Structures are given as C-alpha cells and as structure tokens.
Amino acid sequence: MSFQVYIANKRYPAVGLDLLRKTTQTTFLTYLEYGEDSLKEIKNNIKGCDGLIWNTHHPLTAEILDLAGPQLKVISSTSTGFDHIDLGEVKKRGIPLGYARLVLNNSVADVAVGLMIAAARRFKEGVINTESGNWELGTQWRLGQDITGSTVGIVGLGSIGQAVVRRLKGFDVAKFLYCGRREKPEAKTLGVQRVSLEQLLAESDYVILACPLTDETKELINANTLKMMKKTAVLVNIARGGLVDQDALYEALKENRIFAAGLDVVTPEPIPKDHKILSLPNCFVTPHMGGATMSNLNTKAIIAAKNILLGLEGKPLLYPVI
Ligand SMILES: O=C(O)[C@H](O)CO
C-alpha cells in the first residue's frame, strides 16, 4: 500500500510508528500540541492524507476535514474521550473513526483516588505551609476529611467510574452511589446504588465526576448544584473541565461552601498560571495527567496504528466511534 498517514503530534511512540511504516508513508505534522502555531501547521500540511492520527487536544473540525480532502479514509483518535471531535462532520463524510477505548481506565481511576486524598487531606495547604516554614501554625489547619465511613457518589458509572469503586473497596467506604442515564448492570456486583443527581449531591461526602462531556452534562456542576452539596463535600473531576462551571466552583470553594476540590481537568487547558482557581488553598489541580503513563502511551499508539491500517484496507476498526 502506498498511503499517506499524518500524525498530528510528534509525541507518538515508535511502537505505533513501526507498525505504520511497514506499509505506509508516515508524516508527522507538528510538535507543540497546544500552541496556536501547531494548529496552523496542521492546517497547512494536512492536505492529501489517507489516514489521520489525531493525537492532539485541538478540535477536529469541519475546516480541518475539508483541508485534509475527500480522499481521507480513516481517522484514529488516541484519546478515550472524543468531545473535541466534531462527530457530525466525520459521520457526514462517512469516515470511520476509532478511539483508544478502555486503555486509560485504571490509571485515571488511580488519579481519582489520589485527588480524593490530596483534596480531602489538604495536601496543597500542607505543602505550601511546609515549604514556606509555617508548619508550626498549630494543628487545626491540617484537619481534613476521612474516606473511611464516607459516602462516595460517582457521576457516570462507566468503566472509569467502576475502576474508581473497585479501588475504593479497600478504604472502608460506607456507601457508594451513582447517577447516570442508564442503569448499569455492574452496579449490583460492585455494591453501588443508583440515585438521582440531586440525591447523590445531597448525600455524598465525595462527588467524583467520571462521565463524558456532552450537551447534557455540560456544567452539571454549577451554582445551583453546588448548593445541593454538603459543606464538607469534596469534588473530584477526572473527566472533562467543561462538566463544571468553574466560576461557580471558585466562589463555592472560596466561601467554604464545599470543603475542597481535586481537579485533573480544568477550563481552559493549559490553565494560565495566574488563573484565580489556582490561588485557592482548597483546590488541588493537576495538569490532565490521569491517563499519562508510558504504558498507556504505547498502547494507545498501537491501537491507533492498527485502526489506521484496518481502515485503509476497508476493514472494521478495533474500537470504532463511528
Ligand atoms: O480522553 C482521554 O484520552 C484523556 O482524557 C486524555 O485526553
């Protein structure tokens, strides 16, 4: 086969590249995945590709698809979420789209538990006070919230939400709740009870956001829903920043209307270093690193390469979105 495959970001591992290079010509488009310049470079060079590996957070829009051209036969996203891809436009063009299903679940769930502990046990204030020589301010400022005996509410009991519950089984949690569009058959075995979002927010000591970002879930945590949460509650977001109205969260945290938040995802990404949410001692923010392990990077690259090769041969993809 002599196909042209474009990869939208140079941070694409050799294991995937080796698979592709056996049968296709492969071109990297850009390096700075977040910068405006990288988007310009993508737009300037994407014309004529047969396969496209979208391993960037830039939105994949109608404009980019038009620039790529009508010969484009297959797209593979290296992400688990695909809210940055205009699915309607991809579908309209009849291009198969694959994604990295299930790869990140365990790693993201690990980070969810890490954020629960970091936020509930005041790690940020702890580090600030330790490094600034204020350790001896007394003991009150160090007092956090326990996981033992708590109620944990998972918004979205998909594979990541389920992995969070499995991890927390060793923490002596009193009750697990979840809410979501559909009844999950796994919930029974895991011992998780389905409730409404309102009930989950009212009863949970920990609220973990693990659902996809859609029109329906956009800013589901907002000024109103924050008011439903306990004053002692900890909010953890390992899904997408857009699930939260960040201004409303800032106010709630600043006024101690909830206890703390642990966020692996924010709006925008990357977040400017002088953003007000970063100034809060009770908000622990990490840079969207839930799925960031070496092993995941390689697995995602292999799945993406296999999907491209299957798509170029007109065969069904491993994990099709469309
Ligand atoms: O969706 C994913 O794959 C992760 O959040 C990284 O973007």
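Only a predicted model underlies this, so the values are computations on that prediction, with no experimental measurement involved. (Residues numbered from 1 in each chain as written. Predicted model: local features only at pLDDT ≥ 70, side-chain atom pairs only at ≥ 80, totals over all residues. Heavy atoms only, no water.)

**Quick look at the pattern of salt bridges**
Going through the model one piece at a time under the given rule, you end up with 15 salt bridges. In this structure, aspartate 50 engages lysine 73 in a salt bridge whose closest nitrogen and oxygen atoms are separated by 2.9 Å. Of this pair, aspartate 50 sits in the loop between α2 (36–45) and β3 (51–54) while lysine 73 sits in the loop between α3 (62–68) and β4 (74–77), and the two are 23 residues apart along the sequence. For the salt bridge of aspartate 66 with arginine 93, the shortest nitrogen-to-oxygen distance reads 2.5 Å. With aspartate 66 in helix α3 and arginine 93 in the loop between α4 (87–92) and β5 (97–98), this residue pair connects regions lying 27 residues apart in the sequence. Using a relative accessible area of 53% as the deciding quantity, one classes aspartate 66 as exposed. (Salt bridge = Lys/Arg side-chain N within 4 Å of Asp/Glu carboxyl O. Helix = DSSP H or I, 4+ residues; strand = E, 2+ residues; numbered from the N terminus. Buried < 20%, exposed > 50% of the residue type's maximum accessible area, 1.4 Å probe, protein only.)

**Notes on the packing of helix α1 (residues 14–21) against helix α12 (residues 294–312)**
The description of two helices packed together rests on the angle between their axes and the distance between the axes. Relative to each other, α1 and α12 sit at 15 degrees, their axes nearing to 7 Å. By the angle class used here, α1 and α12 are roughly parallel. As for the relative orientation of α1 and α12, their crossing is right-handed in sense. Residue-level inspection shows Val15, Gly16, Leu19 and Leu20 of α1 in contact with α12, the latter providing Asn298, Ala301, Ile302, Ala305, Lys306, Ile308 and Leu309. (Axes fitted to C-alpha atoms, helices over the stretch in contact; angles between N-to-C directions. Parallel < 35°, antiparallel > 145°, perpendicular 65-115°, else oblique. Left-handed = near helix turned anticlockwise from the far one by under 90°. Contact = heavy atoms within 4.5 Å.)

**Details of the environment of serine 107**
Within the fold, serine 107 resides in helix α5 (residues 105–120). It is 30 Å that separates the C-alpha atoms of serine 107 and lysine 315, two residues lying 208 residues apart in sequence. Setting aside residues no more than four positions away along its own chain, serine 107 makes contact with Gly290, Gly291, Thr293 and Asn296.

**Some remarks on unusual backbone geometry**
The omega torsion across threonine 267 and proline 268 is -5 degrees, close enough to zero to call that bond cis. In this fold, proline 268 is placed in the loop between β11 (260–263) and β12 (283–285). With an omega of -5 degrees, the peptide bond between glutamate 269 and proline 270 qualifies as cis. Secondary-structure assignment places proline 270 in the loop between β11 and β12. Phi is positive for arginine 122, which is not a glycine, with a value near 60 degrees. Structurally, the position occupied by arginine 122 is in the loop between α5 and α6 (123–131). Using a relative accessible area of 19% as the deciding quantity, one classes arginine 122 as buried.

**Brief notes about the confidence of the model for the chain**
For the chain, mean pLDDT is 94; residues scoring 70 or higher make up 98% of the total. Prediction confidence for the complex, expressed as pTM and ipTM, is 0.94 and 0.93 respectively. (pLDDT = per-residue confidence, 0-100.)

**Quick look at the domain arrangement of the chain**
For the chain, the assigned domains read domain 1 (3–103 + 294–312) and domain 2 (105–285). Its C-alpha centre places domain 1 at a distance of 32 Å from the equivalent point of domain 2. Taken together, the contact between domain 1 and domain 2 spans six residues of the former and seven residues of the latter. With both chains or domains summed, domain 1 and domain 2 bury close to 590 Å², and 45% of this area falls on carbon and sulfur atoms. Area buried by domain 1 at its contact with domain 2 is led by Tyr34, Asp83 and Leu102, which between them contribute 66% of it. Inspection of the domain 1/domain 2 interface yields one salt bridge. Between arginine 240 and aspartate 83 there is a salt bridge; the shortest N-O distance is 2.8 Å. Remark: the boundary between domain 1 and domain 2 carries two residue pairs in polar contact (both at pLDDT 80 or more). In terms of residue class, the side of domain 1 that touches domain 2 is made up of three nonpolar, two polar and one charged. (Domains from an automatic or database assignment. Buried area = accessible area lost by both parts, 1.4 Å probe. Polar contact = N/O pair within 3.5 Å; in protein donor to acceptor, adjacent residues only side chain to side chain. Nonpolar A, V, L, I, M, F, W, Y, C, P; charged D, E, K, R; others polar.)

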